[in-house]
Every structure is written in C-alpha cells, then in structure tokens.
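Observations on the three-dimensional arrangement
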Amino acid sequence: MMFEHVLFLSAYLFSIGIYGLIPSRSMVRALMCLELILNSVNINLVTFSNLFDSRQLKGDIFSIFLIAIAAAEAAIG
Amino acid sequence: MDLTGPIHDILVVFLGLVLILGGLGVVLFTNPIYSAFSLGLVLVCVSLFYILLNSYFVAAAQLLIYVGAINVLIIFAVMFMKGSEYSNDLHLWTVGDGVTSLVCTSILFSLISTISDTSWYGIIWTTKSNHIIEQDLISNVQQIGIHLSTDFFLPFELISIVLLVALIGAITMARQN
C-alpha cells in the first residue's frame, strides 16, 4: 500500500481548502471549504488507523466523531 | 479491500485524479451550485478511499452523513440564495488572492517535504514488532460498537449533546427571523 500518496492527497485537500476558505465572502463557500479541510483530517485518521492500529480501530472512532461534529456545524451554518 | 496490486494502484490513481480535479472545482467554480456538486463528487471519492483502506463503517457513515445530509443541505442553501448574491462574487485577481495562494502552496510543499522525509517504515516496524498477532474473531463494525459502548462512552454521549444543542440553536435562530 502506497500510503504516502494518500497522505499527499490529504495534504493537497487541506491546502486547497485553506485556499478557498481565506478569501471567501459568502457563508456557503466557506462551509464547503471547511468540509474539504475536515475530510482531509478524516483521511489522515483513517489511513493511520489502517496502518498502525488495525486491531484497535481508534482512528475510525475519532473520524466518526469528526463526521458528527461536521454535521452539527453544517446544520448551524 | 485486499485487492491485487495493479487493480489497487489503478483505483488509487483514478480516485486521486478525480479528487484533485474535484477539489480544484470546489474552489474555482464561480457558480456555487457547480462547486456544491463537485464537493459531492469529492465526498464520494473520499468514501471510496475509505473502502480501499479497509474501514467500511466509516465509508458508509461518510456516504450517509456527508453526501446524504451535509451536501444536500449545502445544495438547498445555495438554491435559497438570491441570484444577485453570487453573481457579484466574480473572481478578480487581487493582492489578497496572490498572498493566499502563496501561503497555501508553501503549506502544501512543506507538508509534502515533511511526509517524504519521515521514515515511515521504521515506525511501522517498531509498531508491528510489539504487536501481538491475534485472530480476527470479530469484525470491524463489532469492534467499533464495543469501543463506542465501553471506553469511548463519555465522548459518544457528549456528541449527542452537541448535536442536540446544534439543533435547538438552529431552530431558535430560524424562529427569530
């Protein structure tokens, strides 16, 4: 498994989310870019959970918590 | 998913290309409805990545919550916006955009250099060596359920309280208008 490529993809998603987040004036566009950033964090969590901790799966649980937080944040915004 | 080598690589390359193009589309489309749909494409590809990384429960949760709830909510919000609200949002290249793109490319390249400098295989070797190889008696979903109901019980309940507070806050903010 070339997991470094997955990490590169998640770094790309993070930086492009920040690039969209900083100059955006509308609320909806900022929300979309925030979802991109949270998704990159989730990709990192799931990758390291698959790599280092395939028995315990704690990274999966943290990513589920992040998904719930993102749902609450999108419901408010 | 434990696929054989070439099929796995082809899938990773294809999904990565779709992710790169979709991420560019989210940021660079001037019409927000197009960027919302390309955000949906990105989320579907991320969930396919989770299937490739052997975590099926997170993939299903991603499909259900992100694509089914959050993306639909964003598309509704875009459709309720007035037409004048996003027509004046034309993308002019200003100084702030230049500074932002500079900052973001520097973040990207510093992250990439850090990732490629780190010796991952040493870390994998040290974690694998003191790892007791056990039989997979129960599946991943059962393990996630066991963790959620034993040692992650308090965060789980806190998440439900956060969701409840968010719902009540959204309702009160909507009733004031």
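Residues numbered from 1 in each chain as written. Chains lettered and ligands numbered in written order. Predicted model: local features only at pLDDT ≥ 70, side-chain atom pairs only at ≥ 80, totals over all residues. Heavy atoms only, no water.

Turning to the nonpolar core, a few remarks are in order. Ranked by internal contacts, the top residues of the largest apolar core, which has 56 residues, are L19 and I74 of chain B. Secondary structure elements with two or more residues in this core: α1 (3-21), α2 (27-52) and α3 (58-76) of chain A together with α1 (5-28), α2 (32-52), α3 (56-80), α5 (95-117) and α7 (140-149) of chain B. Here this core gets 10 residues from one element, more than from any other, and that element is α2 of chain B. Once residues within four sequence positions are removed from consideration, I74 of chain B is found in contact with V28, M32 and E35 of chain A together with A36 and L39 of chain B. Residues L7 and L51 of chain A together with W120 and I124 of chain B belong to the second largest nonpolar core, which totals six residues. (Core = buried A, V, L, I, M, F, W, Y, C linked by side-chain atoms within 4.5 Å. Buried < 20%, exposed > 50% of the residue type's maximum accessible area, 1.4 Å probe, protein only. Helix = DSSP H or I, 4+ residues; strand = E, 2+ residues; numbered from the N terminus. Contact = heavy atoms within 4.5 Å.)

Before going further, it helps to examine a nonpolar patch on the surface. Residues and elements named next belong to chain B. Residues I20, L21, L24 and L28 make up a contiguous nonpolar surface patch of roughly 350 Å² in combined accessible area. Tracing the sequence through the fold places L24 in helix α1. Judged by relative accessible area, L24 falls into the partly exposed class, the value being 34%. (Patch = residues over 30% accessible without salt bridge, like charges linked within 9 Å, V, L, I, M, F, W, Y side chains within 5 Å. Areas by Shrake-Rupley, 256 points an atom, 1.4 Å probe, with all protein chains shown as cover. Salt bridge = Lys/Arg side-chain N within 4 Å of Asp/Glu carboxyl O.)

So, on to the interface of chain B and chain A. When the parts of a complex come together, some accessible area is lost, and that lost area is often used as the size of the interface. Contact with chain B, which involves 74 residues of that partner, is made by 53 residues of chain A. Counting each side, the surface lost to burial between chain B and chain A is near 5,900 Å², with a carbon and sulfur contribution of 77%. Looking at the side of chain B facing chain A, the largest losses of area belong to L53, Y66 and W120 of chain B, adding up to 11% of the total buried there. For the interface between chain B and chain A, the tally reads zero salt bridges. The tally of links from chain B across to chain A stands at six residue pairs in polar contact (both at pLDDT 80 or more). (Buried area = accessible area lost by both parts, 1.4 Å probe. Polar contact = N/O pair within 3.5 Å; in protein donor to acceptor, adjacent residues only side chain to side chain.)

Before going further, it helps to spend a moment on α5 of chain B. Between its first and last C-alpha, α5 of chain B extends 33 Å over 23 residues, near the 33 Å set by a 1.5 Å rise per residue. Residues of α5 of chain B that are buried include every one of D97, T100, C104, L108 and I115 of chain B, and no others. (Expected span 1.5 Å × (residues − 1).)

Our focus in this paragraph is the UniProt feature "transmembrane region" (unreviewed entry) in chain A. The UniProt feature table records "transmembrane region" (unreviewed entry) at residues 6-22 of chain A. End C-alpha to end C-alpha, residues 6-22 of chain A measures 25 Å, and it is 94% helix and 0% strand. (UniProt positions renumbered as here; feature names shortened; annotations may be inferred.)

A separate point is the side chain of S55 of chain B. In this structure, S55 of chain B sits in the loop between α2 and α3. Using a relative accessible area of 4% as the deciding quantity, one classes S55 of chain B as buried. Setting aside anything within four residues of it in sequence, one finds S55 of chain B in contact with V46 and D60 of chain A together with Y50 of chain B.

Our focus in this paragraph is the packing of α3 of chain A against helix α8 (residues 153-176) of chain B. Axis separation between α3 of chain A and α8 of chain B bottoms out at 9 Å; the angle between their running directions is 10 degrees. It follows from the interaxial angle that α3 of chain A and α8 of chain B lie roughly parallel. Residues F65, A68, I69, A72, A75 and I76 of chain A of α3 of chain A touch α8 of chain B, and the partners they reach there are P155, F156, I159, V162, L163, A166, A170 and M173 of chain B. Looking at the contact of α3 of chain A with α8 of chain B residue by residue, the class counts come to 14 nonpolar, no polar and no charged. (Axes fitted to C-alpha atoms, helices over the stretch in contact; angles between N-to-C directions. Parallel < 35°, antiparallel > 145°, perpendicular 65-115°, else oblique. Nonpolar A, V, L, I, M, F, W, Y, C, P; charged D, E, K, R; others polar.)

A few words on the packing of aromatic side chains. Within the structure shown, the criterion is met by four aromatic pairs over all chains. Ring centres of F62 of chain A and F65 of chain A lie 6.4 Å apart, and the angle between their planes is 85 degrees; on these two criteria the pair is classed as edge-to-face. Here F62 of chain A and its partner F65 of chain A are both found in helix α3, three residues apart, which amounts to about one turn of the helix. When its relative accessible area of 42% is taken as the criterion, F62 of chain A is described as partly exposed. Pairwise contacts between aromatic rings join F62 and F65 of chain A together with F152 of chain B into one cluster. (Phe/Tyr/Trp six-rings, centres within 6.5 Å; stacked < 30°, edge-to-face > 60°.)

In this model, N54 of chain B sits at a positive phi of 70 degrees, which is unusual for a non-glycine residue. Among the secondary structure elements, N54 of chain B is positioned in the loop between α2 and α3.

So, on to the environment of L21 of chain A. Residue and element names in this part refer to chain A. Its place among the elements puts L21 in helix α1. The class of L21 is partly exposed, set by a relative accessible area of 28%. Through-space distance from the C-alpha of L21 to that of M32 is 8.5 Å; in sequence the pair is 11 residues apart.

Within the secondary structure layout, I61 of chain A lies in helix α3. Along the chain, I61 of chain A and I18 of chain A lie 43 residues apart, while their C-alpha atoms are 25 Å from each other. Ignoring sequence-local partners within four residues, the contact set of I61 of chain A consists of I144, H147, L148 and F152 of chain B.

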